[in-house]
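Chains, contacts and geometry: an overview
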Amino acid sequence: MGKMTFFGGAVFGGVCSLTLLLLVFCSRSPVAGEVGDDLSIKFEEPSRCNLSLNETFSWSSLGCVKCQWEAENSPDYCQCPSGTVWQRTAKRCTKCPDNEMLYDAKHCLECGTANPFSLTLGGCSPCPAGHIEVAYSPDGSPLRRLECTKCGVGFHPSTSQRRCVPCHPSFASGENENGTCRCSEVSHSEFGGVCFTQQELDDPLFDAKSAYKIEYDGFKVESLLFRENLAKAFYLCKGQRNQTACQMLGNMCTLNLHTYGEDWTACRLYRIVGRLTPLPNHIPKIYYSEVEAPSVLIRSSTIPHTHDMRYDQSSSDVNITLSKFSFKGQFLGLAAIDDVIPCREPKKVLQIGRKFGTNFKAKCEMNLKDIWDQFNGNTIFLDPYVSYEEVKGKNKQIQLYPVPIKTLNFKRNGIKVNTMDDQYQWQFVRRFFIIDTVGSVEPSSGGDPSTETKIPKNIRYLKSIHISVQLQNSKDAGKIYVPLLTMGYADATQEEFIRNDVITFDYSVNYFMDMSRSIEDVKISIGVLSALAVLWSAIQAWSWNRRNGQLEIDLTTISNLLITACGNLADIFFIVCFATTTFWFVFFKEQVAVHVLLPDMYQERLVRDLIISAFALKIVAIIELIRKQSNIDIFFVDWERPKVTSTVQPKPMESENKPDKLGTGLNSDESVSIWRTYFIANEWNEIQTTRKVHMATQIIATIFFLEVLGFKFWGLHWPNDSVKPDVDVQKYVPFSTSARFVVGTVVFGLIGILQCLYRIGFYERYIKNEIQDFVDLCTMGNISVFILAARQHGYYIHGRSVHGFADTDMQTMIEQLSREEEDLCGRRGLLPQTDQQTFLISVPGVFRSVYSQVLQPLYASSSASSTLFTKNRQLGGSKTATSVGGGVGVKPSSNMLNLSIHAYNSMNRFLTAFLEHALSDLDYDINNKTFFEGLLDMEFNEVGSDRAVFYTDDGHSFDSVLFYGHERTLFLGELYTFIFVDIISHNFVLAGVVVFLVDLMLKAIRNFMGKRNLARKTLIDSRFLI
């Protein structure tokens, strides 16, 4: 065992020693010299090699080394200077001997007798016409002398003059001599290196100067490519059915963007040879004929392949494949459109647009030279197809279906017909290119081909591609019609190319379906429901007319009908749009077999217009609501009676029948405190804008769900319902207006509904009910509220204290509340032993006349004061604010104060007498509304001439003159505003901010107008309204 261990160790040590010696030996470089005993390699970047010091990079030592001779070295290798050749034996670069020339930078050759050495040229003279240079033997070894050899019959020298090539078949073999190609002088003529008959050249006889030009933006450029190839390609394609020539002719037409008209162009020549039906195989099909174009537009041709919405499966892919051709028609293979379009975005990003139903939109920025380099400076011609697999038995075969192209720059007789609305004027084509690198290369002024400039004057490049894919409206789910590619080109000047300017490229994919039937259903629904809405508006206007005591229809009635119809029509428009888009949205997001797609921006135009109309109409309705609420008649009825004066201390004689200072006829000892009325008025002023929905909470919660939690991504135009899609999807998949409308409405609406349920079900029941608290406060203050929202219709809050008085101290008030809790006193209701305190009222015309008559002197005096104030301002007099009657004018006079106090006391006595049934010729009854009267919010029975009707209600019918009673109208108005702003801006945050500001503005307007009306109608000085 020990010997084996020793032997194994010896072997292992020997192997290691041998390996070390080999490494040291291999590290010795014959170029770089010794590197010492260190086995590590010092790596140097090739760019660090100093060319001026005759250094180059050595791939063996991975470092910079110095060339062993004076060389024109490069970073990658050493090479001999220009005009010298490497001598293997001498191992150095030497010049060729005199009378010899350097050939192929490799060999020094003597000149032959036919091509002697020329000092002027510094080498051998050119070979005679019809001869080629021969420098190598058949086995590839170099000859000692450069010889000239004449081509045989039927051959001629190539352009490089190094080989003989056959004459074109059009040259008659009998006319050809050694090294030359000649046409038959009797029947043919040479044109562009090809023989043609005179008949072929004369039919048609086109204008070469016009045909050789390419039109750009505002000018034309004569093309060297066209001058060298157009006529030859046309005559060969037309007369000799040459496939290569036909391909070249079609490609030159494509460079002209398929434009044709009266002028002679490549496309006009192509259409001459391509007007045969059916088109021969040797002619490429680049136009759709006039017969085929309408069939493409109506989508009668269908693709049998079926797609679905399984996003992670290839069955959801719509593959656009491009066949690539060179200028001469050589097939260069197939490529996906994602691999060809000039966009720097990663391939996985561009593949998003392949997924069926996923709209895609990308804007790429790149430099001009990037597109040039992408195709290596070549112009590649592309034919698009839809590719899909067709299963035949056990085999799968790739099928290609041609895709039409609509070029926006195309002109027919000088008109861009593809930008017109009339689709039947459009011209579809089959071929396009990404960048034209050769079309605008101009001939030199002298016409010498050797001096032609190779820099294009203009560079035409593809600026945009829009792919439209339409779903079939058939029972077979997932089938599509042939897609349509819409393209636009732009031009860049030579200077822009040299500067390498940045350009943009737009790439988008749009999936849609024919929604004419759905749009028609929307129109029918709008028509039918709008008629019902107008009918309901007419009923409401009729009810409003009756409540105002008007029997005839006048301008006021018609205007009220129109404004009422605005609010109802707004709701109808919104409901129909929401129902329709919700149907589209749910089916689109949840389906696997494709039946429904979201509408595109043109198809949803009707929905967008209806939503905008709903917003405008609802704003009109809200403005009218504020106007009506700010013009109600309201009065606070004070039930408090003057306290009885003590009989122990008799009144002084001088105080008996002492009038008040203002001359109202009331003894100062008989007056009661006004502070309870002021307190109730301020509480009413506060609840005028109370609502069930707290708008700040509403906006914060809505934005949180949409923006923070990502619910807004449900609005993307793709079939996935993820709230956290990939960053690429967020960036390149656009939002659908219909989907955003549904998502925004659902989130905003549900949060509002939850707020209302919380307010009604919990907050008002267990925490605070501001409306009911106001009724209780009226009872505690011994104040009733009489409201007329229309001339003969209004509301009554019975606030008469069951204790008979309320102007007392704290102890008495607490005792009163305790008695109520222990049921030791009467009920608060208007009727004995009831708790019904709120009523809807319908009053006769006599009542309204008396009501207005009591206030008439005050209003007349207020009007006169306003006139006096205006004249005073015109005369430059001083002005002092006053608030009696809620107006602003001169300092109130003693007469105005007397009128105001007298009107207040008169109205209070009149209403208390009326409510106590103390008026013999004016009384009221208390009834319950029928079911339909309550449902429709109207009264069917006429009011008597001397008897009003009080209808019991649900406890807060008077909130109809407050924001609280119109929560639905206000909330829908804010919802419509939210959706309207989002449709305009596609920004939920901005929409929320606008809604919040609108809510603040509406409340401010309502508070200002309500406060002014309250002071004017209740005869309370506005200075006491907080």
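Look up a bit, the structure's there.
Below, the structure is looked at part by part. All of these numbers come straight from a predicted model, not from anything done at the bench. Numbering of residues starts from 1 in each chain and follows the order in which that chain's sequence is written. Thresholds applied to this predicted model are a pLDDT of at least 70 for local features of residues and 80 or more for the giving and counting of side-chain atom pairs; totals over whole chains, interfaces and linings are not thresholded and use all residues. Hydrogens are left out, water is left out, and the side-chain values use all remaining heavy atoms of the structure.

1. Considering the state of the cysteines
- Whenever a pair of cysteine sulfur atoms sits within 2.5 Å, that pair is classed as a disulfide. Tallied over the entire structure, the rule returns 7 disulfides.
- Two residues, Cys237 and Cys246, share a disulfide whose sulfurs are 1.9 Å apart. Residues Cys237 and Cys246 are joined by a disulfide whose S-S torsion is about 100°; by sign, that bridge is right-handed.
- Under the scheme applied here, a residue whose accessible area is under 20% of the maximum for its type counts as buried, over 50% as exposed, and between as partly exposed, the area being computed with a 1.4 Å probe on protein chains only. According to the relative accessible area criterion, Cys246 is buried, its value standing at 1%.

2. Digging into the side chain of Arg828
- Mapping Arg828 onto the fold places it in the loop between α20 (810–821) and β33 (838–842).
- A relative accessible area of 17% means that Arg828 is categorised as buried.
- Under the rule applied, a polar contact is a pair of N or O atoms within 3.5 Å (in protein, one hydrogen donor and one hydrogen acceptor; residues adjacent in sequence only if both atoms are side-chain atoms). Of note is the side chain of Arg828, whose polar atom sits 3.2 Å from the side chain of Asp776.
- We call two residues in contact when some of their heavy atoms are within 4.5 Å. Every residue in contact with Arg828, bar those within four places of it in the chain, is listed here: Asp776, Thr779, Met780, His798, Val802, Glu820, Thr834, Asp835 and Gln837. Where helices and strands are cited, they refer to DSSP runs of H or I of at least four residues and of E of at least two residues respectively, numbered from the N terminus.

3. Considering a nonpolar patch on the surface
- Residues Ile524, Val528, Leu529, Leu532, Leu535, Ile539 and Trp542 make up a contiguous nonpolar surface patch of roughly 630 Å² in combined accessible area.
- Summarising the element assignment, Leu532 is placed in helix α12 (residues 516–547). By definition, no residue in a patch forms a salt bridge, and every one has over 30% relative accessible area; like charges are joined within 9 Å, nonpolar side chains (Val, Leu, Ile, Met, Phe, Trp, Tyr) within 5 Å. Surface exposure here means Shrake-Rupley accessible area, sampled with a 1.4 Å probe, where a residue is shielded only by the protein chains that are shown. Criterion for a salt bridge: a side-chain nitrogen of Lys or Arg within 4 Å of a carboxyl oxygen of Asp or Glu.

4. A short note on unusual backbone geometry
- In this structure, Asn376 takes a positive phi of about 55° despite not being glycine.
- Relative to the helices and strands, Asn376 resides in the loop between α10 (368–374) and β21 (381–392).
- The backbone of Asn500 shows a phi angle near 60°, a positive value even though the residue is not glycine.
- Structurally, Asn500 is set in the loop between α11 (494–499) and β29 (502–513).

5. Considerations on the side chain of Asn1013
- Relative to the helices and strands, Asn1013 is located in helix α25 (residues 988–1018).
- Given a relative accessible area of 4%, Asn1013 falls into the buried group.
- Apart from residues lying up to four places away in sequence, Asn1013 is in contact with Ser630, Asn631 and Ile632.

6. Observations regarding the pattern of salt bridges
- Considering all chains together, one arrives at 36 salt bridges under this definition.
- Of the charged contacts in the structure, one is a salt bridge between Asp263 and Lys220, with a shortest N-O distance of 3.7 Å. Placement of Asp263 in the loop between α5 (243–255) and α6 (266–273) and of Lys220 in strand β16 (residues 219–222) is noted, with a sequence separation of 43 residues between them.
- Lys220 gets classed as partly exposed once you look at its relative accessible area, which sits at 46%.
- Here Asp923 and Arg947 are joined by a salt bridge, their closest N and O atoms 3.8 Å apart. Of this pair, Asp923 sits in strand β34 (residues 923–927) while Arg947 sits in strand β35 (residues 947–952), and the two are 24 residues apart along the sequence.
- Residue Arg947 is classed as partly exposed on the basis of its relative accessible area of 33%.

7. Let's talk about α12
- What a helix is expected to span follows from its residue count: subtract one and scale by 1.5 Å. For α12, which comprises 32 residues, the first-to-last C-alpha distance of 46 Å matches the rise-based estimate of 46 Å (1.5 Å per residue) to within 8%.
- Those residues of α12 that sit buried are Ile519, Val522, Ile526, Ser530, Ala533, Ser537, Ala541, Ser543, Asn545, Arg546 and Arg547.
- Directly after α12, the chain includes Gly549, whose backbone phi takes a positive value near 75°.

8. Some remarks on the packing of helix α13 (residues 555–590) against helix α24 (residues 967–985)
- At a closest axis distance of 12 Å, the pairing of α13 and α24 adopts a crossing angle of 55°. With respect to α24, the axis of α13 lies oblique. Our pair here, α13 against α24, has a crossing hand that is left-handed. The residues of α24 that touch α13, namely those facing Ala570, Asp571 and Phe574, are Arg968, Leu972, Leu975, Tyr976 and Ile979.
- Its residues placed into classes, the contact of α13 with α24 shows 6 nonpolar, no polar and 2 charged. Only C-alpha atoms enter the line fits that serve as axes; for helices the fit covers just the stretch in contact. Angles between N-to-C directions range over 0 to 180 degrees. An angle below 35 degrees is treated as roughly parallel, one above 145 as roughly antiparallel, one from 65 to 115 as roughly perpendicular, and anything else as oblique. It is the rotation of the near helix from the far one that decides the hand of a crossing: anticlockwise by less than a right angle makes it left-handed, clockwise makes it right-handed. Residues are grouped as follows: Ala, Val, Leu, Ile, Met, Phe, Trp, Tyr, Cys and Pro are nonpolar; Asp, Glu, Lys and Arg are charged; all remaining types, including Gly, are polar.

9. Side note on the sheet that holds β34
- Between any two strands, at least two bridges found by DSSP are needed for them to pair. Pairing is mixed in the open sheet, where 6 strands are placed in the order β30-β31-β32-β33-β35-β34. Each of the sheet's edge strands pairs with one partner strand only, and the pair in question is β30 (633–638) and β34. Sheet twist, expressed as the mean angle between neighbouring strand axes with direction ignored, is 25°.
- As defined by bridge partners, β33 adjoins β35 across 4 bridges and the pair is classed as antiparallel. Bridging from a neighbouring strand, Ser842 pairs with Val949 of β35.
- Sheet strands in contact with helix α15 (residues 675–687) are β30 and β31 (783–788), and its direction is about 145° off that of β30.
- Sheet strands touched by helix α19 (residues 770–781): β31, β32 (793–797) and β33. Its angle to β31, the strand with the most contacts, is close to 125°.

10. A closer look at the nonpolar core
- Buried Ala, Val, Leu, Ile, Met, Phe, Trp, Tyr and Cys residues that are joined via side-chain atoms within 4.5 Å together make up what is termed a nonpolar core. Residues Phe356 and Tyr507 are the most contacted members of the largest nonpolar core, which totals 149 residues.
- Residue contributions to this core peak at 11 residues, all from α13.
- If we ignore the near neighbours within four places in the chain, the residues touching Tyr507 are Ile337, Asp338, Ile341, Leu350, Phe360, Lys361, Ala362, Ile465 and Ile467.

11. Section: α20
- In this model, α20 (12 residues) spans 17 Å end to end at C-alpha, consistent with the 16 Å of a helix rising 1.5 Å per residue.
- The first or second residue beyond α20 is Asp823, which carries a positive phi of 55°.

12. Regarding the packing of aromatic side chains
- Each pair of aromatic rings taken from Phe, Tyr and Trp, with Trp reduced to its six-membered ring, is defined by centres within 6.5 Å and is described as stacked if the planes are under 30 degrees apart, edge-to-face if over 60, and tilted in the remaining cases. Counting across every chain of the model gives 47 aromatic pairs.
- Measuring from centroid to centroid gives 6.0 Å for Phe839 and Phe950, while their planes differ by 50°, and the two rings are tilted. Of the two residues, Phe839 is situated in strand β33 and Phe950 in strand β35; the sequence distance between them amounts to 111 residues. By the burial criterion, Phe839 is buried, and Phe950 matches it.
- One aromatic cluster in this structure is built from Phe786, Tyr796, Phe839, Phe847, Tyr851, Phe910, Phe914, Tyr924 and Phe950.
- Over the aromatic face of Tyr287 sits the side chain of Arg271, whose NZ or CZ is 4.9 Å from the ring centroid.
- A cation over a ring is seen here: Lys369 above Phe497, with NZ or CZ 5.7 Å from the ring centre. By definition, being over a ring means that NZ of Lys or CZ of Arg is both within 6 Å of the ring centre and within 35 degrees of the ring normal.

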